[in-house]
Amino acid sequence: MIKAILIFNNHGKPRLIRFYQYFAEDMQQQIIRETFHLVSKRDDNVCNFLEGGSLIGGSDYKLIYRHYATLYFVFCVDSSESELGILDLIQVFVETLDKCFENVCELDLIFHMDKVHYILQEVVMGGMVLETNMNEIVAQVELQNRMEKSEVNQVI
């Protein structure tokens, strides 16, 4: 099960944080700092899996991450999840963002946070993977966009 999804930039600024297990807010901040410290000090040519930090559950949890340009995409999962499956899920999520925003960048995550959360909810909900087909996810996002536009047109 996925316990948390963290996206932060090269400087450790969180851009998207989603916890699927309850942690107090101060503990969440400590987890974000520890995760950034663990992931950012690793070379780009090393394995993308590492044991979870001491705060999020230790050796029973794994941090699986990908570094794209200025952003780290980190999934904290328990030992029942497949590392390669989660790496593929990160790739699907990033490619979906790229399709929806046309060359996604950090600013898209900042200024379109609602849309990013909607895309994430199409992929993962409650810590469980819902959809891995990028075309299906994009179709649902486009349907949502059409519904929003029709609501705006009805108001005007």
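Residues numbered from 1 in each chain as written. Predicted model: local features only at pLDDT ≥ 70, side-chain atom pairs only at ≥ 80, totals over all residues. Heavy atoms only, no water.

Comments concerning the state of the cysteines
Next, step 1: Summed over all chains, the structure comprises zero disulfides.
Next, step 2: Cys47 forms no disulfide, and the closest cysteine sulfur to it belongs to Cys76, at a distance of 15 Å.
Next, step 3: Cysteine Cys100 remains unbridged, with the sulfur of Cys105 as its closest cysteine sulfur at 14 Å.
Next, step 4: We classify Cys100 as buried; its relative accessible area is 17%. (Disulfide = S-S within 2.5 Å. Buried < 20%, exposed > 50% of the residue type's maximum accessible area, 1.4 Å probe, protein only.)

Some remarks on the environment of Cys47
Next, step 1: Within the fold, Cys47 resides in the loop between helix H1 (25-40) and strand E3 (49-51).
Next, step 2: On the accessibility criterion, Cys47 (41% relative accessible area) is partly exposed.
Next, step 3: The spatial distance from the C-alpha of Cys47 to the C-alpha of Ile64 is 9.2 Å, given a sequence separation of 17 residues. (Helix = DSSP H or I, 4+ residues; strand = E, 2+ residues; numbered from the N terminus.)

Focus: unusual backbone geometry
Next, step 1: In this model, Glu102 sits at a positive phi of 55 degrees, which is unusual for a non-glycine residue.
Next, step 2: Summarising the element assignment, Glu102 is placed in the loop between helix H2 (83-101) and helix H3 (106-111).

Re the sheet that holds strand E2 (residues 14-19)
Next, step 1: Pairing in this open sheet of five strands is antiparallel, and the strands run E2-E1-E5-E4-E3 from one edge to the other. Each of the sheet's edge strands pairs with one partner strand only, and the pair in question is E2 and E3. Ignoring strand direction, the axes of neighbouring strands in this sheet form an average angle of 20 degrees.
Next, step 2: Two elements, E3 and strand E4 (residues 61-68), share three bridges in a ladder whose sense is antiparallel. Across the sheet, Phe49 pairs through a bridge with Ile64, a residue of E4. (Pairing = 2+ DSSP bridges. Axes fitted to C-alpha atoms, helices over the stretch in contact; angles between N-to-C directions.)

Here's the deal with the side chain of Asp108
Next, step 1: As for its placement among the helices and strands, Asp108 is situated in helix H3.
Next, step 2: Here Asp108 sits buried without a salt bridge, and the closest side chain of opposite charge, Lys115, lies 8.7 Å off (N-O distance).
Next, step 3: Of note is the side chain of Asp108, whose polar atom sits 3.0 Å from the backbone nitrogen of Cys105.
Next, step 4: Those residues in contact with Asp108, other than ones at most four positions away along the chain, are Phe101, Asn103, Met113 and Val116. (Lys, Arg positive; Asp, Glu negative; His and termini not counted. Salt bridge = Lys/Arg side-chain N within 4 Å of Asp/Glu carboxyl O. Polar contact = N/O pair within 3.5 Å; in protein donor to acceptor, adjacent residues only side chain to side chain. Contact = heavy atoms within 4.5 Å.)

Quick notes on the pattern of salt bridges
Next, step 1: Tallying each qualifying case throughout the model produces two salt bridges.
Next, step 2: For the salt bridge of Arg15 with Glu106, the shortest nitrogen-to-oxygen distance reads 2.7 Å. Linking Arg15 in strand E2 with Glu106 in helix H3, this pair joins segments that are 91 residues apart in sequence.
Next, step 3: For Glu106, a relative accessible area of 16% puts it in the buried group.

Digging into the nonpolar core
Next, step 1: Formed by 30 residues in total, the largest nonpolar core has its most connected members in Ile2, Ile5, Phe73, Phe75, Ile86, Phe93 and Ile119.
Next, step 2: Of all the secondary structure elements, the ones that give two or more residues to this core are strand E1 (2-9), strand E5 (71-78), H2, helix H4 (113-123) and helix H5 (134-155).
Next, step 3: The element that contributes the greatest number of residues to this core is H2, accounting for ten residues.
Next, step 4: The residues contacting Ile86, other than those within four sequence positions of it, are Ile2, Ile64, Phe75, Val77 and Glu81.
Next, step 5: Phe19, Phe23, Leu63 and Tyr65 belong to the second-largest nonpolar core, a separate cluster that totals 16 residues. (Core = buried A, V, L, I, M, F, W, Y, C linked by side-chain atoms within 4.5 Å.)

Focus: the packing of H4 against H5
In helix packing, the relevant descriptors are the interaxial angle and the interaxial distance, both defined with respect to the helix axes.
Next, step 1: Interaxial distance between H4 and H5 falls to 10 Å at its minimum, and their mutual angle equals 135 degrees. Between H4 and H5, the interaxial angle falls into the category oblique. Regarding H4 and H5, the two cross each other, and that crossing is right-handed. Contacts between H4 and H5 involve Lys115, Tyr118, Ile119, Glu122 and Val123 on the former and, on the latter, Ile137, Gln140, Val141, Gln144 and Asn145.
Next, step 2: Here the residues of the contact of H4 with H5 are counted per class, giving five nonpolar, three polar and two charged. (Parallel < 35°, antiparallel > 145°, perpendicular 65-115°, else oblique. Left-handed = near helix turned anticlockwise from the far one by under 90°. Nonpolar A, V, L, I, M, F, W, Y, C, P; charged D, E, K, R; others polar.)

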